[in-house]
Amino acid sequence: MLLLLAFLIGVIAGLRAMTAPAAIAWAATLGWIDLSGSWASFMGSIWAAGILTLLALGEYVTDQLPATPSRKVPVQFATRIIVGAFCGAAIGTPSGGWLICLVAGLLGAVAGTLGGAAFRARLAASFGRDPPAAFVEDAIAIIGAFLVMTALPVSASMPIPA
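What you see is a predicted model; the values in this text were computed from it and never measured.

J.: Which residues make up the overall build of the protein chain, and what are the values?
T.: Within the protein chain, the regular secondary structure consists of six helices and zero strands. For the protein chain, the succession of helices and strands along the chain, N to C, is α-α-α-α-α-α. On C-alpha atoms alone, the protein chain measures out to a radius of gyration of 15 Å, which is about the 15 Å that the 2.2 N^0.38 rule sets for 162 residues. Its C-alpha atoms give the protein chain principal-axis dimensions of about 55 × 30 × 25 Å. For the protein chain, with 162 residues in total, the buried portion stands at 46%. Carbon and sulfur atoms make up 78% of the accessible area of the protein chain, which amounts to about 8,000 Å² in all. Computing the positive centroid from 7 side-chain charges and the negative centroid from 6, the protein chain places the two 9 Å apart.

The structure is reproduced here in structure tokens:
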């Protein structure tokens, strides 16, 4: 289950790079995932949640601008892969499966980046313009991130006994 959730949060990072870490930060802040005492403990800070939320909101705005580069250019693509891997690792950290979840998040980010670009292009073509397609993609990213965070099993918050 954690591998699937790590993959899915990677997909979210592929759609909207800042939505995934904002979701992780809110989940940690609200106690839905226990990152305390780990390398990712800073994500449980209200400051991290607030800053990442502002960055996500900024991304929704800049995504609408005509000068915004494609998510498939190297810098954008690499950012999404790194963020997806980070968020996947965060999901796996409480159970000790951070490395395999990192890989799942990375793969999800690749799928989300490429699949999201293709989906949005088709949707924009059907609408005859891009903004409605972008709004649909925003909604999918936000709702998807929320569903992933609420689907975290209780055991994800407890370490695996040695």
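J.: If you had to explain helix 2 (residues 19–29) to someone new, which residues and values would you point to?
T.: The buried fraction of helix 2 amounts to nine of the 11 residues, a majority that puts the element mostly inside the structure. For helix 2, every residue scored as buried is listed here: Thr 19, Ala 20, Pro 21, Ala 22, Ala 23, Ile 24, Ala 25, Ala 27 and Ala 28. For helix 2, the secondary structure elements touched by its buried residues are helix 1 (2–15), helix 3 (46–62), helix 4 (74–92) and helix 6 (130–150). In the stretch just after helix 2, Gly 31 is the one whose phi turns positive, near 85°.

J.: Break down the packing of helix 4 against helix 5 (residues 98–127) for me, citing the residues and quoting the values.
T.: Two quantities define a packed helix pair, namely the angle between the helix axes and the distance between the axes. Close contact between helix 4 and helix 5 brings their axes to 6 Å; oriented N to C, the two are set at 145°. As for the relative orientation of helix 4 and helix 5, their crossing is right-handed in sense. Contacts between helix 4 and helix 5 involve Phe 77, Arg 80, Ile 81, Gly 84, Ala 85, Gly 88, Ala 89 and Gly 92 from the first element and Trp 98, Cys 101, Leu 102, Gly 105, Leu 106, Ala 109, Val 110, Thr 113 and Leu 114 from the second. Of the residues belonging to the contact of helix 4 with helix 5, the class tally is 11 nonpolar, five polar and one charged.

J.: Which residues make up the environment of Trp 47, and what are the values?
T.: Inspection of the secondary structure assignment puts Trp 47 in helix 3. Between the C-alpha atom of Trp 47 and that of Ala 25, which follows or precedes it by 22 residues, the distance is 9.1 Å.

Cut-offs and rules
- Residues numbered from 1 in each chain as written.
- Predicted model: local features only at pLDDT ≥ 70, side-chain atom pairs only at ≥ 80, totals over all residues.
- Heavy atoms only, no water.
- Helix = DSSP H or I, 4+ residues; strand = E, 2+ residues; numbered from the N terminus.
- Rg over C-alpha atoms; globule rule 2.2 N^0.38 Å.
- Buried < 20%, exposed > 50% of the residue type's maximum accessible area, 1.4 Å probe, protein only.
- Areas by Shrake-Rupley, 256 points an atom, 1.4 Å probe, with all protein chains shown as cover.
- Lys, Arg positive; Asp, Glu negative; His and termini not counted.
- Charge placed at Lys NZ, Arg CZ, Asp CG, Glu CD.
- Contact = heavy atoms within 4.5 Å.
- Axes fitted to C-alpha atoms, helices over the stretch in contact; angles between N-to-C directions.
- Left-handed = near helix turned anticlockwise from the far one by under 90°.
- Nonpolar A, V, L, I, M, F, W, Y, C, P; charged D, E, K, R; others polar.

This is a description of form; function is not addressed.
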